[in-house]
Each structure stands twice: as structure tokens, then as C-alpha cells.
Amino acid sequence: GENVEQHPSTLSVQEGDSAVIKCTYSDSASNYFPWYKQELGKGPQLIIDIRSNVGEKKDQRIAVTLNKTAKHFSLHITETQPEDSAVYFCAEGEDSSYKLIFGSGTRLLVRP
Amino acid sequence: NAGVTQTPKFQVLKTGQSMTLQCAQDMNHNSMYWYRQDPGMGLRLIYYSASEGTTDKGEVPNGYNVSRLNKREFSLRLESAAPSQTSVYFCASRVTGMDGYTFGSGTRLTVV
């Protein structure tokens, strides 16, 4: 069945360092991979997404990489800032399905 | 530009009581979703509506019912609340196809 494994569950970094969160999926038909950021008391917010015809996508300090052969994708945050502290969720989906399957989340803490 | 609006934000129910969680979006999105979020388990899909007039079960539908009242509104009903339904509930919507969701701010439900 559909499944997304996300690691690590918690991550603590020093301000200015990089943070990497990894997700592995099982459905070879998956072709859409978004990442969401959830701040305390709020709903998740889409921060970046990638489709299967692209290996990497960047938006300022965040980037996502996709390895379809190995069925994993990663979120990279460079030059981390305290406001990056939040819970991050990966997800996967495919064109024939209307729904996204989410990972279990990573709590990122950026220490000043 | 309200996006996705959920009501209420907080609710405490006694076991066996019923209630309806309301969700409305003003972005002319076709698809709408209800997820629940529990610690360490990420976001799990309860029900979704791919388009007006259709609803389908997600991963954890037992104990819930939904109604797609019109294109804007998608409600979630608990007929007989149980402590296991204590959770944070999120409504989401998207235009169609493979695109990111827009989430509401959530309803925190406690069943005692």
C-alpha cells in the first residue's frame, strides 16, 4: 500500500547550519512530492514541491531533491534561522489519485 | 481572501455526543479533504471529495460521515464521539489534479 517514511522525527541545528530531512515512498507511480511547514497552532503550509520529471528544485534557502530510482526525496534548508523552527511534513501523490499521503513529520529546532 | 475557514477552532465533547465540523473555501477549488493529526502519526486522511457531488473514504473513515454541501463547503460529522477521536482536524482544498493543498487552521477536538 501507499506509505511514506520520514526521518528524522526531530532535528536540532545551530543557527546558520544546514538541515536535511529525508522521505522514502513505496508507490512507484507517485509523481508529485510536496513539502509542508507547520508552525505551532496553525495548519500546514506548502513551501516547495517537485514533480517526477525534475531532479532538483530550489527556492532561496530551501531545495528539494528527488531520486526516483531509489524512491526517496529530501528537503534541504541552508543558513537556517530561528523562524525555520517548525514541524515539516513530506507527502507524495500521483495524477490518477486525488489524495496526498503524508509522512509522520519532523520537528526542526534552530538554536540561536 | 480568507482561503479555507474551519469552525469551531476548539470543542470539548462528552463520549456519545455528536457534532459537525464545518469547512468552507473561497478559492473555487474542486477538491476538498478532511485530515486528522495525532502526535507522531502525521496527517491521516479521513474522507475526501474530488469534486462537488462526490465523496470517498480515506485511510481512517470509521466513526465519521461527510457532506459536500456545495462547491465551497465540506462538513465532517461525528455521530457518537469516542475518546479515540480526540485529535486536531484539518480541512484542505485544492483546484484539481496534482497540486498542493491549502489547509485551514484546524479544529482541536477533545472527547472526554
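Below is a summary of the structure that appears in this document. (Residues numbered from 1 in each chain as written. Chains lettered and ligands numbered in written order. Predicted model: local features only at pLDDT ≥ 70, side-chain atom pairs only at ≥ 80, totals over all residues. Heavy atoms only, no water.)

## Description of the overall build of chain B
From N to C terminus, chain B includes 0 helices and 11 strands. Scanning chain B from its N terminus toward the C terminus, one meets helices and strands in the order β-β-β-β-β-β-β-β-β-β-β. For a compact globule of 112 residues, the expected C-alpha radius of gyration is about 13 Å, and chain B comes in at 13 Å, within 12% of that figure. Principal-axis analysis of the C-alpha atoms gives chain B an extent of 35 × 25 × 25 Å. Out of the 112 residues in chain B, the part that is buried amounts to 49%. In chain B, of all internal contacts separated by at least 6 residues, the share reaching a separation of at least 24 is 55%. Put simply, chain B shows about 5000 Å² of open surface, and 49% of that area lies on carbon and sulfur atoms. Treating the 11 positive side-chain charges of chain B as one cloud and the 8 negative ones as another, the clouds have centres 6 Å apart. (Helix = DSSP H or I, 4+ residues; strand = E, 2+ residues; numbered from the N terminus. Rg over C-alpha atoms; globule rule 2.2 N^0.38 Å. Buried < 20%, exposed > 50% of the residue type's maximum accessible area, 1.4 Å probe, protein only. Contact = heavy atoms within 4.5 Å. Areas by Shrake-Rupley, 256 points an atom, 1.4 Å probe, with all protein chains shown as cover. Lys, Arg positive; Asp, Glu negative; His and termini not counted. Charge placed at Lys NZ, Arg CZ, Asp CG, Glu CD.)

## With respect to the nonpolar core
Residue and element names in this part refer to chain A. Of all hydrophobic cores here, the largest spans 23 residues; its most connected members are Trp35, Phe73, Leu75, Ile77, Tyr88 and Leu108. For this core, the elements supplying multiple residues, two or more each, are strand 2 (10–14), strand 3 (19–25), strand 4 (32–38), strand 5 (45–51), strand 7 (62–67), strand 8 (72–77), strand 9 (86–92) and strand 11 (106–111). When residues in this core are grouped by element, the largest group, 4 residues, is from strand 3. Residues within four places of Leu108 in sequence aside, it is in contact with Leu11, Val13, Ala19, Ile77, Asp84, Ser85, Ala86 and Tyr88. (Core = buried A, V, L, I, M, F, W, Y, C linked by side-chain atoms within 4.5 Å.)

## Focus: the interface of chain B and chain A
Interface size, as often reported, equals the accessible area lost upon joining of the parts. Listed by partner, the interface residues are 20 residues for chain B and 21 residues for chain A. Across the chain B/chain A interface, buried area totals approximately 1600 Å², and carbon plus sulfur atoms make up 61% of it. At the junction of chain B and chain A, the tally comes to 0 salt bridges. Within the residue set of the side of chain B that touches chain A, elements represented by two or more residues are strand 4 (31–37), strand 5 (43–49) and strand 9 (87–94) of chain B. Of all the elements, strand 4 of chain B adds the most residues to the side of chain B that touches chain A, at 4 residues. Looking at side-chain class alone, the side of chain B that touches chain A contains 11 nonpolar, 7 polar and 2 charged residues. (Buried area = accessible area lost by both parts, 1.4 Å probe. Salt bridge = Lys/Arg side-chain N within 4 Å of Asp/Glu carboxyl O. Nonpolar A, V, L, I, M, F, W, Y, C, P; charged D, E, K, R; others polar.)

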